[in-house]
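# Per-entry structural report
Listed here are the chains, written in short residue letters.
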Amino acid sequence: MFLNIAMILKKLFYKYILRKNYYRYGSCKRCGDCCSKIYVCHQKSMINDIKEFEKLKKLHPFYTYLEVIDKDSNGLVFKCRNFDKENHICKIHKLRPGICRRYPDEIILKMKGVMSENCGFYFKPIDTFEEILNKTKKKLI
């Protein structure tokens, strides 16, 4: 019974306090994929212009860590200059920016992003399919 109450409280905390739709599980495997192919969203759209990126670098210190490596249909593709490929670790790990500390965040899923197959993290929806189906049925009635 205590376990059920704890799970209910956890669910309520995630959904209504943190405003999350997914639980994040797992841990970093230090593959570096998340540091090697990065899309950056600014004001709800992907950065797809070098001039825009240069302006953002002046406004936000995080962007100075990034280097443009490609451009595709999603926008500019970046890599982080602080990732040490030989040792598979961030050179500024203890001082890394908040965006890196929170990675991966469910915003990736909301923006139709894809995590690397090598990533040790994964997400599970907070609400089960049955719960969502029942809520939808109640709204229709």
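It should be emphasised that the depicted structure is a prediction, and the values quoted were computed from it without experimental measurement.

Rules used throughout
- Residues numbered from 1 in each chain as written.
- Predicted model: local features only at pLDDT ≥ 70, side-chain atom pairs only at ≥ 80, totals over all residues.
- Heavy atoms only, no water.
- Helix = DSSP H or I, 4+ residues; strand = E, 2+ residues; numbered from the N terminus.
- Buried < 20%, exposed > 50% of the residue type's maximum accessible area, 1.4 Å probe, protein only.
- Contact = heavy atoms within 4.5 Å.
- Disulfide = S-S within 2.5 Å.
- Patch = residues over 30% accessible without salt bridge, like charges linked within 9 Å, V, L, I, M, F, W, Y side chains within 5 Å.
- Areas by Shrake-Rupley, 256 points an atom, 1.4 Å probe, with all protein chains shown as cover.
- Salt bridge = Lys/Arg side-chain N within 4 Å of Asp/Glu carboxyl O.
- Lys, Arg positive; Asp, Glu negative; His and termini not counted.
- Polar contact = N/O pair within 3.5 Å; in protein donor to acceptor, adjacent residues only side chain to side chain.
- Phe/Tyr/Trp six-rings, centres within 6.5 Å; stacked < 30°, edge-to-face > 60°.
- Lys NZ or Arg CZ within 6 Å of the ring centre and 35° of its normal.

Along the polypeptide, Asn82 turns up in the loop between strand S5 (75-80) and strand S6 (83-84). Its relative accessible area of 12% is what places Asn82 among the buried residues. Not counting chain neighbours up to four residues away, the residues in contact with Asn82 comprise Tyr65, Ile89, Cys90, Lys91 and Ile92.

Further remarks concern the state of the cysteines. Under the defined criterion, the tally for this structure stands at zero disulfides. Free cysteine: Cys34, not disulfide-bonded; nearest cysteine sulfur from Cys35 at 3.9 Å.

Taken together, the side chains of Ile5, Ile8, Leu9, Leu12 and Tyr16 make up a nonpolar region of the molecular surface, amounting to roughly 500 Å² of accessible area. The residue Ile5 is located in helix H1 (residues 2-17) in this model. Classification of Ile5 as partly exposed rests on a relative accessible area of 40%.

Mapped onto the secondary structure, Arg96 falls in the loop between strand S7 (89-90) and helix H4 (98-101). Although buried, Arg96 forms no salt bridge, and the nearest oppositely charged side chain, Asp105, lies 13 Å from it. Polar side-chain contacts of Arg96 include one of 2.7 Å to the backbone oxygen of His93.

Turning our attention to the pattern of salt bridges. Under the defined criterion, the tally for this structure stands at six salt bridges. The closest approach of N and O atoms between Lys57 and Glu54, which form a salt bridge, is 3.5 Å. Taken together, the positions of Lys57 and Glu54, both in helix H3 (residues 50-59) and three residues apart, correspond to about one turn of that helix.

Moving on: the packing of aromatic side chains. Taken as a whole and assessed by the stated rule, the structure comprises nine aromatic pairs. Aromatic side chains Phe53 and Tyr63 sit 6.3 Å apart centroid to centroid with 75 degrees between the ring planes, which places their arrangement in the edge-to-face category. A residue pair is termed long-range when its members are at least 10 positions apart, and Phe53 in helix H3 and Tyr63 in the loop between H3 and strand S4 (66-72) qualify at 10 residues. Like Tyr63, Phe53 is buried. Three or more aromatic residues joined by ring pairs form one cluster here, namely Phe13, Tyr14, Tyr23, Tyr25 and Tyr122. Residue placement shows Lys10 over the ring face of Tyr23; its charged tip is 4.6 Å from the ring centre. Lying over the aromatic face of Tyr25, Lys124 brings its terminal NZ or CZ to 5.8 Å of the ring centre.

Our focus in this paragraph is the environment of Phe78. Its place among the elements puts Phe78 in strand S5. In this structure the C-alpha to C-alpha distance between Phe78 and Pro97, which are 19 residues apart in sequence, comes to 16 Å. When sequence neighbours within four positions are dropped, the list of residues in contact with Phe78 reads Ser36, Lys37, Ile38, Val40, Ile47, Phe53, Leu66, Glu67, Val68 and Ile69.

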